Amino acid sequence: MFSHVVIFWTDPANPKAADELIAGGQKYLAPIPGVLHFHMGKMVGSHRAVVDQSYQVALNLVFPDKKAQDDYQVHPEHLKFVDNCKALWKKVVVYDFA
């Protein structure tokens, strides 16, 4: 199993950026072959100081292995997502682990 977690800080000048980013993820990323689990959503506030609350959207993908994630990275739909949605975020951090 290989997990790919992407954290997005959206453009504060666009109040609809988080919703548009999630819609783009559902359209372009969820159907890509090899994705076993797709979950993309808005940050949920917490009273716990240890919880990072500085971002707006997170993406959590699970693949059967690293090769499937490598294939996903060059898939045309992933490239469309980046091209069509990159204006919606100001910062991205990725966490990959197996």
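The text that follows walks through the structure, step by step, so that each part is easy to find. Given the structure is predicted, the values throughout are model-derived calculations rather than measurements. (Residues numbered from 1 in each chain as written. Predicted model: local features only at pLDDT ≥ 70, side-chain atom pairs only at ≥ 80, totals over all residues. Heavy atoms only, no water.)

## Describing the overall build of the protein
Helix and strand counts for the protein stand at 3 helices and 4 strands. In the protein, the succession of α and β elements from N to C terminus is β-α-β-β-α-α-β. Here the protein has a C-alpha radius of gyration of 13 Å; the compact-globule value for 98 residues is 13 Å, and the two agree. Projected onto the principal axes, the alpha-carbon positions of the protein cover approximately 35 × 30 × 15 Å. When each of the 98 residues of the protein is scored for burial, the buried share is 38%. (Helix = DSSP H or I, 4+ residues; strand = E, 2+ residues; numbered from the N terminus. Rg over C-alpha atoms; globule rule 2.2 N^0.38 Å. Buried < 20%, exposed > 50% of the residue type's maximum accessible area, 1.4 Å probe, protein only.)

## As for the nonpolar core
In terms of nonpolar packing, the biggest core is built from 22 residues, with Phe8, Leu21, Met40, Leu59, Tyr72 and Phe81 touching the most fellow members. Here the element with the most residues in this core is helix H1 (residues 17–29); it accounts for 6 residues. If we ignore the near neighbours within four places in the chain, the residues touching tyrosine 72 are His4, Leu29, Ile32, Val35, Leu59, Leu61, Phe63 and His78. Core analysis: the second largest hydrophobic core is formed by 5 residues, Val5, Trp9, Tyr55 and Ala58 among them. (Core = buried A, V, L, I, M, F, W, Y, C linked by side-chain atoms within 4.5 Å. Contact = heavy atoms within 4.5 Å.)

## A short note on the packing of aromatic side chains
One pass over the full model with this rule turns up 5 aromatic pairs. For the ring pair tryptophan 9 and tyrosine 55, a centre distance of 6.5 Å and an interplane angle of 75° mean the geometry is edge-to-face. With a gap of 46 residues between them, tryptophan 9 in strand E1 (residues 2–10) and tyrosine 55 in the loop between strand E2 (37–42) and strand E3 (57–63) connect regions that are remote in the sequence. By the burial criterion, tryptophan 9 is buried, and tyrosine 55 matches it. An aromatic cluster is defined as three or more aromatic residues linked by ring pairs; in this entry it consists of Phe8, Phe81 and Trp89. Lysine 91 extends its terminal NZ or CZ atom over the ring of tryptophan 9, reaching a point 4.4 Å from the ring centre. (Phe/Tyr/Trp six-rings, centres within 6.5 Å; stacked < 30°, edge-to-face > 60°. Lys NZ or Arg CZ within 6 Å of the ring centre and 35° of its normal.)

## Brief notes about the sheet that holds E1
Each strand in a sheet pairs with its neighbour through backbone hydrogen bonds, running either in the same direction (parallel) or in the opposite one (antiparallel). Spatially, E2-E3-E1-E4 is the arrangement adopted by the 4 strands of the open sheet, whose pairing is antiparallel. The open sheet has two edge strands, E2 and strand E4 (89–97), and neither has a second partner. The average undirected angle you get between the axes of adjacent strands in this sheet is 10°. As paired elements, E1 and E4 share 8 bridges and run antiparallel to each other. Paired with isoleucine 7 across the bridge in E4 is valine 93. (Pairing = 2+ DSSP bridges. Axes fitted to C-alpha atoms, helices over the stretch in contact; angles between N-to-C directions.)

## A few points about the environment of valine 92
Within the secondary structure, valine 92 is located in strand E4. Separated by 56 residues in sequence, valine 92 and leucine 36 have C-alpha atoms that sit 22 Å apart. Residues contacting valine 92, with those up to four places away along its chain left out, are Val6, Ile7, Phe8 and Trp9.

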